[in-house]
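Structure at a glance
Given next are the chains, with one letter for each unit.
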Amino acid sequence: MHKFNDEVSLAINLAKKALDITEYLKTKNFDSYQKTDNTPVTIADLASQIYIISRIKKNFPEDQIIAEESNIQLLTPQTISLIKKSYDSLDIKEIVNLRETLIYRGPNSNRQWTIDPIDGTIGYKKGLVYAIGIGFMENYIPKASVIAVPSIHNQKSIIYKAIDKGGAWRSEDGESFKKINVSNQKKLNQAILCHSLHYDSPLSDKFIEMAQIKNTIAMDSMVKFCKVAEGMYDIYFRPLTTNPKIWDFCPGDLLVREAGGKVTDFYGNNFQYKHDELVIASSGFFASNKDLNTEILKLLEKIL
Ligand SMILES: [Mg+2]
């Protein structure tokens, strides 16, 4: 039995159930709101986060929680009633005060959870890919993570999990897991690269051109980390335009590294986390196998 077995088991169950909540709510009609950082939030983001927080609080009351959503004013009698309906239909009980739970963050602790209740909210509203990401850290060092990806285009929903020094894994039922590994592609110009669909910058185009990469895929959410971790794509390239948030990157960072890959900034540094942010020295990062990491860093030296 692994050291973080309890945390991972809980995170798997929470991510699976949260996915049921977001998929249930997808069929209901509700609005999307703009946050102060211009990114969208929906009632489904809140419903997912409230559920996940309530269960972490119950199982690990001494742990700290770092979660994305705090828009308590969106919890009106009407939206609360819709969220409760989703819980009832999925047999989720014991969540009494939704407003209090949404903003519960636990005591300060060296054990910290990160929650992204829906990563890729723009895509979620459009029926595209999105993910639910849960990370677990000790002193801001990722120790375990779970990413749930819903069924899109009749494919099965998938749960990914990673444990520090325990590998990266993938499951189609959330129970039997198979180990995954990054690709062994060594040639940069033959690599398949994925990049952001909604938050990209001209640097991606410049990099793709300089690297003579022909196969590129634009997609939403932290699923890009999953695709690199399981070797389906070779590179996830990500210039950063705004302050990167910890819940977007902690789960995927650990997943790719545990799958034998590397996740570094443009100078080759590993990620560091502090409070609710990813602390990074350069203007972006990329995830790939180790051979491509070396190649890409060489090329970036010429571009940056
Ligand atoms: Mg989100």
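Residues numbered from 1 in each chain as written. Predicted model: local features only at pLDDT ≥ 70, side-chain atom pairs only at ≥ 80, totals over all residues. Heavy atoms only, no water.

A few words on the overall build of the chain. The helix and strand inventory of the chain stands at nine helices and 16 strands. For a compact globule of 304 residues, the expected C-alpha radius of gyration is about 19 Å, and the chain comes in at 19 Å, within 12% of that figure. C-alpha atoms of the chain, sized along the principal axes, occupy 55 × 40 × 35 Å. When each of the 304 residues of the chain is scored for burial, the buried share is 58%. Long-range contacts, defined here as pairs at least 24 residues apart, represent 68% of the contacts in the chain between residues at least 6 apart. Of the roughly 13,800 Å² that the chain leaves accessible, carbon and sulfur atoms contribute 47%. (Helix = DSSP H or I, 4+ residues; strand = E, 2+ residues; numbered from the N terminus. Rg over C-alpha atoms; globule rule 2.2 N^0.38 Å. Buried < 20%, exposed > 50% of the residue type's maximum accessible area, 1.4 Å probe, protein only. Contact = heavy atoms within 4.5 Å. Areas by Shrake-Rupley, 256 points an atom, 1.4 Å probe, with all protein chains shown as cover.)

Below, the discussion takes up helix α2 (residues 43-59). For α2, with 17 residues, the first-to-last C-alpha span of 25 Å sits near the 24 Å given by 1.5 Å per residue. For α2, the buried fraction is high: 14 of the 17 residues fall into the buried class. Measuring from the backbone nitrogen of A44 back to the side-chain oxygen at the start of α2 gives 3.1 Å, which picks out T42 as the cap. (Expected span 1.5 Å × (residues − 1). Polar contact = N/O pair within 3.5 Å; in protein donor to acceptor, adjacent residues only side chain to side chain.)

It is worth spelling out the domain arrangement of the chain at this point. Accessible area lost on assembly of the parts is the figure often given for the size of an interface. For the chain, the domain assignment lists domain 1 (5-179) and domain 2 (188-303). Averaged C-alpha coordinates put domain 1 and domain 2 at centres separated by 23 Å. Each side of the interface is counted separately: domain 1 has 39 residues, and domain 2 has 26 residues. Summing the contributions of domain 1 and of domain 2, the shared interface buries around 2,400 Å²; its carbon and sulfur component is 70%. One can count one salt bridge joining domain 1 with domain 2. R170 is paired through a salt bridge with E230; the nearest N and O atoms lie 2.5 Å apart. Seen at the junction of domain 1 and domain 2, the total is nine residue pairs in polar contact (both at pLDDT 80 or more). Secondary structure elements with two or more residues in the side of domain 1 that touches domain 2: β3 (64-67), β4 (111-119), α5 (121-126), β5 (131-138), β6 (141-149), β7 (158-163) and β8 (167-171). No other element matches β6, which puts seven residues into the side of domain 1 that touches domain 2. When grouped by side-chain class, the residues that make up the side of domain 1 that touches domain 2 number 21 nonpolar, nine polar and nine charged. (Domains from an automatic or database assignment. Buried area = accessible area lost by both parts, 1.4 Å probe. Salt bridge = Lys/Arg side-chain N within 4 Å of Asp/Glu carboxyl O. Nonpolar A, V, L, I, M, F, W, Y, C, P; charged D, E, K, R; others polar.)

This paragraph deals with the coordination of the magnesium ion. Binding of the magnesium ion to the protein goes through E68 (OE), D116 (OD) and I118 (O), at separations of 2.0 to 2.2 Å. In this structure D116 comes out as buried when scored by relative accessible area, which is 0%. We classify I118 as buried; its relative accessible area is 1%. (Donors = N, O, S within 2.8 Å, 3.2 Å for Na, K, Ca; no water.)

Along a regular strand, successive side chains alternate from one face of the sheet to the other. Side chains Q64 and I66 of β3 all project onto a buried face; the interleaved residues I65 and A67 project onto the opposite face, where all are buried too. When β3 meets β4, the two strands line up parallel, connected through four bridges. The residue of β4 that forms the bridge with I65 is W113. (Pairing = 2+ DSSP bridges.)

Take the sheet that holds β4 next. If you trace the seven strands from one edge of the open sheet to the other, you get β3-β4-β5-β6-β7-β8-β9, paired in mixed fashion. Each edge of the open sheet carries a strand with a single partner, namely β3 and β9 (178-179). Direction of pairing for β8 relative to β9: antiparallel, over a ladder of two bridges. When the bridges of β9 are listed, R170 appears paired with K178. On the sheet, α2 packs against β3, β4 and β5 and is oriented at approximately 155° with respect to β4. (Axes fitted to C-alpha atoms, helices over the stretch in contact; angles between N-to-C directions.)

This brings us to the packing of helix α6 (residues 202-210) against helix α9 (residues 290-303). Running from amino to carboxyl end, α6 crosses α9 at an angle of 115°, the nearest separation of the two axes being 11 Å. Remark: the crossing between α6 and α9 carries right-handed chirality. On α9, the residues touching L203, K206, F207 and M210 of α6 are I296, L299, L300 and I303. Taken together, the residues of the contact of α6 with α9 break down into seven nonpolar, no polar and one charged. (Left-handed = near helix turned anticlockwise from the far one by under 90°.)

The subject of this paragraph is unusual backbone geometry. A positive phi is found at N38, a non-glycine position, where the angle reads about 70°. Here N38 shows up in the loop between β1 (32-34) and β2 (40-42).

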